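Tertiary structure, described
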Amino acid sequence: MPKYTLKKFVLPLLLLIICTNIFLLSRLIFFPYPELFVYSYLTQEGLLPYKQILDQHFPGIMFFPINLASLGIDTPHEMRVLLFALVAVTHTMLFLVSRRIFKTYHLSLIPNVLYLLWQPFFEGYVLWIDSFIPIFLLVTFYFLMDLRKRGWSYFLAGSFLGIALLFKQPVIIIFLLVTSYLFFNIKREGLYKFLIGFSIPIIAMLLYLFSIGVLGDFVYWAITFNITVFAEMGRKYPAFSDLVKLLPVFGLAIILSIYLISKKATKEVFLVSIFFLGSLSFAFARFDFVHLQPALPFAIILIALSLHKVKLAGLTKVGVIYLILVLPLLLSFYKHNVGQRILFFGGFEQELVLEIEKLTDPKDSIFAMGTSFHIYQMTKTLPPGRVFVFQFPWFMKVAESKVFAGILNDPPKVVIRDKGAEVSGMKLVNFMPRIESYVDKFYLPIKNVGGTEILVRR
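1. Notes on the overall build of the protein chain
On a plain count of helices and strands, the protein chain comes out with 18 helices and ten strands. Relative to a compact globule of 458 residues, whose C-alpha radius of gyration would be 23 Å, the protein chain shows 24 Å and is just as compact. If you line up the protein chain on its principal axes, its C-alpha atoms span 80 × 50 × 40 Å. With 458 residues in all, the protein chain has 56% of them scored as buried. Long-range pairs, those at least 24 residues apart, make up 76% of the contacts in the protein chain between residues at least 6 apart in sequence. When the accessible area of the protein chain is evaluated, it comes to approximately 20000 Å², of which 68% is carbon and sulfur surface. Computed over 43 positive and 27 negative side-chain charges, the inter-centroid distance for the protein chain is 15 Å.

Right, here's the structure in full:
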């Protein structure tokens, strides 16, 4: 296809790719993490992050005054539209970055085609913190690739990387790698502007947390807890089948990164490799495919870089062979994940909400024990003593006494309990024995919904 013809149709083609990706996601199950709902809701209700909402993540879009709830994004359908928007923006940034790297239209579209192919597969139907990160990383990379070397580009690159760190801690690995690269490759003035840009969001976050009196709690939960209790109890490793599924993208990208660097790599190859390898740290602490979403765009760019000198006819052949090889994997994925089900917001949860609403009023205290922790947001109720934590074993090992004190000081009107709930093979109620004993003594089961007990005070 002549160059001018492809240029004429490049934006419609990009739009078609984006719409196809969104269409595929709309046909798949949807998995919005419950934390996104309940954390923003409780923050809006005045609970303090890290002091009353006990969690290990950086504030991101959940714990600041401007959060998902304050923006009016608090239903599963709104969350799904948000996911579509994030995917569309990621596609757009991926094209802009690719255009800056490859400088040819046909190669600039290849990463978008590959992203369309693999974004749904690597749990792209999941909405979690990692879903936001690719945009910030791609914008950071885009400004670092500014060939005019303007100082403001380095400042903006640092700023967007700093904003990414507000969402999740592993960004610090990318920051250290990028800073090391810049130290040896640009003038000190540019490096200083990058560091200043990076530090501004972090300083703003720390000042905000200090102003609401939770800075010490933040340091414990977001840093100390992660490298002690969570590192000991919460780690999750990939299964062998997961590793096999990684080979067509991430395995290939690692091999190509090593190969391209060994061939006297250009600045582009070094930077892409830094972002790719640094982003793999998101899946280190607790492996799930969704945690690979930040690394996916850079893995794809590395694959496209290896095709940089291949002519269009050759690209077609390579693409057909690649698609044939990965087709069984993709077909199996769609076979098992097509459907309109929304996890954590199905018939069971709706029935549970109806039963609780019969027994409570908004702002009443209830206690979710081992099940449906986002029920507070769904019923507009509050946890006892205004203390909330997801009752995973690694959290309850530290927080049971504080949660129990909240129950004693503010006895819940209703308790919902799932005695059989497990995480990583560990039964949740086993990690809250005092709470279990208290509930058995003072509460009476009145109904059972899908194996979950609804209890009221005797």
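2. Re the nonpolar core
One finds F122, F250 and I435 to be the most contacted residues of the largest nonpolar core, which totals 161 residues. Ranked by residues supplied to this core, first place goes to helix α3 (residues 76-102) with eleven residues. Excluding residues that lie within four positions of it along the chain, F250 makes contacts with F122, F276, L280, L292, A295, L296 and A299. Counting residues in each nonpolar core, the second largest holds nine residues, with L14, I17, F95 and Y105 among its members.

3. Describing the pattern of salt bridges
The tally for this structure, following the rule as stated, stands at 13 salt bridges. E355 is the salt-bridge partner of K358, the closest N and O atoms lying 3.4 Å from each other. Residue K358 and its partner E355 are located together in helix α15 (residues 347-359), separated by three residues, close to a single helical turn. The class of K358 is exposed, set by a relative accessible area of 63%. Since its relative accessible area comes to 15%, E355 is described here as buried. Between K413 and D364 there is a salt bridge, with the nearest N and O atoms lying 3.1 Å from each other. In this pair, K413 is assigned in the loop between α17 (393-409) and β6 (414-417) and D364 in the loop between α15 and β4 (366-369), connecting sequence segments 49 residues apart. Looking at K413, the relative accessible area reads 39%, which means it is partly exposed.

4. Looking at the packing of aromatic side chains
Two descriptors summarise a pair of aromatic rings, namely the distance from one centre to the other and the angle between the planes of the rings. Counted under the stated rule, the structure contains 49 aromatic pairs. Measuring from ring centre to ring centre gives 5.6 Å for F64 and Y208, while their planes differ by 55 degrees; the resulting arrangement is tilted. Of this pair, F64 sits in the loop between β2 (53-54) and α3 while Y208 sits in helix α9 (residues 188-211), placing them 144 residues apart in sequence. Look at F64 and you get buried, because its relative accessible area is 15%. The interplanar angle of 10 degrees and the centroid separation of 6.2 Å between the aromatic rings of F175 and F194 together place this pair among those described as stacked. Of this pair, F175 sits in helix α8 (residues 171-185) while F194 is found in helix α9, placing the two residues 19 residues apart along the sequence. You'll find F175 and F194 in the same group, each marked buried.

5. Brief notes about helix α6 (residues 133-144)
The end-to-end C-alpha distance of α6 is 17 Å, a good match for the 16 Å that twelve residues give at a rise of 1.5 Å each. For α6, a buried count of eleven out of twelve residues is recorded, marking the element as mostly surrounded by other parts of the structure. Listed as buried for α6 are I133, P134, I135, F136, L137, L138, V139, T140, F141, F143 and L144. Where the residues of α6 are buried, they touch α3, α7 (151-167), α8, α9, α12 (267-279) and α13 (296-305).

What counts and what doesn't
- Residues numbered from 1 in each chain as written.
- Predicted model: local features only at pLDDT ≥ 70, side-chain atom pairs only at ≥ 80, totals over all residues.
- Heavy atoms only, no water.
- Helix = DSSP H or I, 4+ residues; strand = E, 2+ residues; numbered from the N terminus.
- Rg over C-alpha atoms; globule rule 2.2 N^0.38 Å.
- Buried < 20%, exposed > 50% of the residue type's maximum accessible area, 1.4 Å probe, protein only.
- Contact = heavy atoms within 4.5 Å.
- Areas by Shrake-Rupley, 256 points an atom, 1.4 Å probe, with all protein chains shown as cover.
- Lys, Arg positive; Asp, Glu negative; His and termini not counted.
- Charge placed at Lys NZ, Arg CZ, Asp CG, Glu CD.
- Core = buried A, V, L, I, M, F, W, Y, C linked by side-chain atoms within 4.5 Å.
- Salt bridge = Lys/Arg side-chain N within 4 Å of Asp/Glu carboxyl O.
- Phe/Tyr/Trp six-rings, centres within 6.5 Å; stacked < 30°, edge-to-face > 60°.
- Expected span 1.5 Å × (residues − 1).

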